[in-house]
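Chain and residue survey
If you want the building blocks of each chain, they are given just below.
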Protein chains: 2
Amino acid sequence: TIQSYEEEKQYVGFATLPNQVHRKSVKKGFDFTLMVAGESGMGKSTLVNSLFLTDLYKDRKLLNAEERINQTVEIIKHTVDIEEKGVKLKLTIVDTPGFGDAVNNNECWKPITDYIDQQFEQYFRDESGLNRKNIQDNRVHCCLYFIPPFGHGLRPVDVEFMKALHEKVNIIPLIAKADCLTPNEIKKLKDRVREEIDKFGIKVYQFPECDSDEDEEFKQLDKELKECTPFAVIGSNTVVEARGQRVRGRLYPWGIVEVENQSHCDFVKLRNMLIRSHMHDLKDVTCDVHYENYRAQCIQEMTRLVCERMVKSLKVSLFKRLPLEFRASTLLSPHLLSVNWLRTTGWRVPSPSCLCPLQMWTLRNSSK
Amino acid sequence: TIQSYEEEKQYVGFATLPNQVHRKSVKKGFDFTLMVAGESGMGKSTLVNSLFLTDLYKDRKLLNAEERINQTVEIIKHTVDIEEKGVKLKLTIVDTPGFGDAVNNNECWKPITDYIDQQFEQYFRDESGLNRKNIQDNRVHCCLYFIPPFGHGLRPVDVEFMKALHEKVNIIPLIAKADCLTPNEIKKLKDRVREEIDKFGIKVYQFPECDSDEDEEFKQLDKELKECTPFAVIGSNTVVEARGQRVRGRLYPWGIVEVENQSHCDFVKLRNMLIRSHMHDLKDVTCDVHYENYRAQCIQEMTRLVCERMVKSLKVSLFKRLPLEFRASTLLSPHLLSVNWLRTTGWRVPSPSCLCPLQMWTLRNSSK
C-alpha cells in the first residue's frame, strides 16, 4: 500500500483523457453511412437487415424484368436511428438499385461515383463556409460490393466498378449468396478474386496494421480477418430452429444454413469487422484519405483557374502599355505574350504553386 | 441465461463505437496548451510544476527589479512529453513573463492577445491549405489567470486583461498564494471577484451543464466545483513531512500548509477539473467556439475586401462604357457611381452576403 500511495502521489490524472473522449463521444452520438452495391437479387437488403437487425426496407417495391430494363441506376437513402446500451447511431444505408441490371452496363457506376463526389462537394462547401456548427455529414464511409457467387472470379463490370470507386470510398468486396458454394468452391473463388484484385490494381479497404503491443489473441483474430477477404456471406430475414435454438437461417431439404455459424459463412467476421472493430477506422480513412484527396484536387483545380485568369488579365494590361505601332500589328495579340517574357519585364506572374484560397487574405496582411 | 442469450442475439455491436474512439485516441496521443498569466511572483511556475509533477522551469533565470522595468512582455513556450498509464500527452505551457510588471501597464496584454491570434491564424492557414496531414495545433486551450491575494477584488489591470482575452481563450481565474488569507478572507475575496466578473461582463470559462442522467455523486461534485470558483490555490515545489507522511507543502512556524489538503486550498479541485474531468471540454470549446469565432471574423473581413475590389473594378469598366462627353466631365469619376445605380444597369453587383472563399469555384461549376 505504501507503493500504491507513492504511485498515487505521482499520478497527475491526464490518463483519464481517453475516458473524457469516450464520454463526449457517447453524449454526441455517432453516424455511419454505408453503401451497398451489386446486381439485384444478390441479397443486399437482406444482408443489411441481418447486420443491423432492423427492417430498413419495409416499403420496398420489387420491379419485374421489364421495369428493370428501363430503370436507370438510382440512389436511395434509408436513415434509421438505433440505440444500443446507451450508444446512439444514426445509420444511413445508401442503396443503388438498378446497378448492373441493364443489358448495356456502360458507365453504370457513373451515378454512384457522382453521388459520392456530391457528398464530398457538399461537405467541402460546408466546412469552407461561415457557420460550421450544424454540418450534416453525408460522406459515404464504406461500400459493400456484392460479387455474384456464380462465375469464375471478377466480371469486367466488377473490375470497372471497383476501379471507378476505389479512390473515393472504402470498398469491401463480398461474395454474395455463398450458400450455393461448397467450402472448396468458396476457397477457390476467394483466391481467384484476391488474385484479380491484385492484378487489376484495385485498392480495396486495407485493414490497419496491428500494433506490436497488442495481445496474441487480438493478433490472431486480425490475421484471420485479413486472410478471410473477400468475405463470403449469407443473409436471412427468417428465424429457423437449429440444434434446439432459434437462429437466423435458411431451411433447405438437406440441412439448415445458419447465418451466424462461422463454419457456414463469414457473416459474423464481416459484422465484427464492419461494426465492432473497424467502423471508426472506416470513418477515419474516409475523412483523412478519400475526402482529403478530393479536397486537394478541387483546390488545385480552383488555383489553376484563378491563376489562368490572373495571367490573362496581366497580359491584357501589359499589352495596353506596349507602343501603339506594336499593338497595331495584326501579328500580336495579348495571348501571344509568353509567361516567360512577362517575367523578364519584372512583373510578378502568379504560378499555381504560390496561390491558395487564402492568397487574397495573405496579400492583404502582408501589404498592411 | 435464456434472456441473456436473447439479448446477445439482439446485440448488433455498435455499442463498441466509444471504445473504438477510446482506442484510437490512446494510439494517437493527446496535446494540451496551457497559458499562465499574472504578475511575477504569483507562483505561476510553482503551480504548473505542482499540477503536472514536472520541472518545466529548470533553466529559468529570475530578473531583478531593474531588469524587469525594462523588460517587455514576452511569450515563452515550454513543451514536455509526459506519459501516464500508457496515455501520452504533449503538454505546452505558454508563459508570459513580464506581464503587469511595468510601471505603466497600458495594453500590456497586447503581446498575449496577439500571440493567441497568431496561433489561430496559423491554424486557419494550415486547415485551409492543401496538405492537412501534419498540422501542428498550437492553439491555446486554457489560460490560468492569477489574481493577487492582497487587494480587495479585481484591479483595473485584471479587468482589462480578462476582457481583452475572454473571447479568444478559456479563462480560469485563480486566487494566487492563498496561504496568506484566512478561510473567511478567502470567502470574501471569492464573492467579491465573482460579483465583479459579473458586473464587468467578463466571460470566464463556463463548466458545461451537468447531464440529467448523471449520478447524484457526480452532480454534487459538479455543484461544488461551480461554487468554488475562483479557485484559491497554493503551490509548492518542496516536500515536507506532515502527519507522518511526505507531502507537497509549505512549512511555517505556525504549521504546515499542505497543497493537496482540500481544507487548506482548492489545488486538488483545480487539478481534478483542469486535468481529470474538463481538459477535453476545454479543447472542444477552444475549437468550436473561440476558433470558430476567429475564423468567421477573418472570412467576413476577406469577403468584404474582395467585394470592395470587385465593385471598384466594375465601376471602372462601366465608366469606360459611358459616353465620352460624360466621362470628360471633371465632375464624374468611377468612384462616384453608386452601387444602386450599378444595379439599375442590370450588372450583377457582388455583395458580401453572396460571397465566400469558394465563390470562384462555385461560379465555375455553375457556368459549366
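Cut-offs applied
- Residues numbered from 1 in each chain as written.
- Chains lettered and ligands numbered in written order.
- Predicted model: local features only at pLDDT ≥ 70, side-chain atom pairs only at ≥ 80, totals over all residues.
- Heavy atoms only, no water.
- UniProt positions renumbered as here; feature names shortened; annotations may be inferred.
- Least-squares fit on C-alpha atoms with pLDDT ≥ 70 in both.
- Contact = heavy atoms within 4.5 Å.
- Core = buried A, V, L, I, M, F, W, Y, C linked by side-chain atoms within 4.5 Å.
- Buried < 20%, exposed > 50% of the residue type's maximum accessible area, 1.4 Å probe, protein only.
- Salt bridge = Lys/Arg side-chain N within 4 Å of Asp/Glu carboxyl O.
- Helix = DSSP H or I, 4+ residues; strand = E, 2+ residues; numbered from the N terminus.
- Buried area = accessible area lost by both parts, 1.4 Å probe.
- Polar contact = N/O pair within 3.5 Å; in protein donor to acceptor, adjacent residues only side chain to side chain.
- Nonpolar A, V, L, I, M, F, W, Y, C, P; charged D, E, K, R; others polar.
- Pairing = 2+ DSSP bridges.
- Axes fitted to C-alpha atoms, helices over the stretch in contact; angles between N-to-C directions.

An unreviewed UniProt entry lists chain A under the name Septin, from Nothobranchius furzeri. UniProt's Sequence similarities (unreviewed entry) comment on chain A is quoted here verbatim: "Belongs to the TRAFAC class TrmE-Era-EngA-EngB-Septin-like GTPase superfamily. Septin GTPase family." The UniProt entry for chain A carries the following comment under Subcellular location (unreviewed entry): "Cytoplasm".

Looking now at the relation of the copies chain B and chain A. For the match of chain B to chain A, the screw axis carries a shift of 0.0 Å, the RMSD comes to 0.1 Å, and the turn is 180°. In short, the pair behaves as if placed about a two-fold rotation axis. Closest approach to the rotation axis among the C-alpha atoms of chain B is made by His22(B), whose C-alpha sits 2.8 Å away. Both copies contact each other with a shared surface, as 100% of the interface residues of chain B are interface residues in chain A too.

Time to look at the nonpolar core. Judged by nonpolar contacts, the single largest core of 167 residues is most densely connected at Leu144(A), Leu274(A), Leu144(B) and Leu274(B). Residues contacting Leu274(A), with those up to four places away along its chain left out, are Phe32(A), Leu34(A), Leu51(A), Cys142(A), Leu144(A), Ile172(A), Met279(A) and Leu282(A).

Let's shift gears to the pattern of salt bridges. On inspection of all chains with the given rule, the structure shows 49 salt bridges over all chains. The shortest N-O distance in the salt bridge between Glu258(A) and Arg243(A) comes to 2.5 Å. Taken as a pair, Glu258(A) in strand E9 (residues 255–258) and Arg243(A) in the loop between strand E7 (239–242) and strand E8 (245–252) lie far apart in primary sequence, 15 residues in all. Judged by its relative accessible area of 8%, Glu258(A) is buried. Between Lys24(B) and Asp284(A) there is a salt bridge whose closest N-O contact spans 3.0 Å. Linking Lys24(B) in helix H2 (residues 17–28) with Asp284(A) in helix H10 (residues 279–321), this pair reaches from one chain into another. Each of the salt bridges in this network shares a partner with another, and the network as a whole consists of Glu127(A), Glu292(A), Arg295(A) and Arg132(B).

A separate point is the interface of chain B and chain A. Counting residues at the interface gives 74 residues for chain B and 74 residues for chain A. The contact between chain B and chain A buries some 7,100 Å² in all, and 59% of this surface belongs to carbon and sulfur atoms. At the junction of chain B and chain A, the tally comes to eight salt bridges. Residue Lys24(A) pairs with Asp281(B) through a salt bridge whose shortest N-O separation is 2.8 Å. On inspection of chain B and its partner chain A, the count reaches 38 residue pairs in polar contact (both at pLDDT 80 or more). Residue contributions to the side of chain B that touches chain A peak at 17 residues, all from helix H10 (residues 279–321) of chain B. Looking at the side of chain B that touches chain A residue by residue, the classes come out as 34 nonpolar, 16 polar and 24 charged.

This part covers the UniProt feature "site: Important for dimerization" (unreviewed entry) in chain A. The UniProt record marks Phe150(A) with the feature "site: Important for dimerization" (unreviewed entry), using the residue numbering of this structure. Inspection of the secondary structure puts Phe150(A) in the loop between strand E4 (142–147) and helix H6 (156–165).

With that settled, consider the sheet that holds strand E7 (residues 239–242) of chain B. Sheets are built from strands paired through backbone hydrogen bonds, the pairs being either parallel or antiparallel. Residue and element names in this part refer to chain B. With antiparallel pairing, the three strands of this open sheet are ordered in space as E7-E8-E9. Two strands in the sheet have a free side with no partner beyond their single neighbour: E7 and strand E9 (255–258). Sheet twist, expressed as the mean angle between neighbouring strand axes with direction ignored, is 70°. Bridge count for E7 against strand E8 (residues 245–252) is four bridges, and the pairing is antiparallel. Its bridge partner lying in E8, Val 240 is registered against Val 247.

The next point concerns unusual backbone geometry. Residue Pro230(A) is reached from Thr229(A) by a cis peptide bond, and omega for that bond is -10°. Position of Pro230(A) among the secondary structure elements: in the loop between helix H8 (216–228) and strand E6 (231–232). Unusually for a residue other than glycine, Lys85(B) sits at a positive phi of about 45°. Following the sequence through the fold, Lys85(B) ends up in the loop between strand E2 (76–84) and strand E3 (87–95). In this structure Lys85(B) comes out as exposed when scored by relative accessible area, which is 69%.

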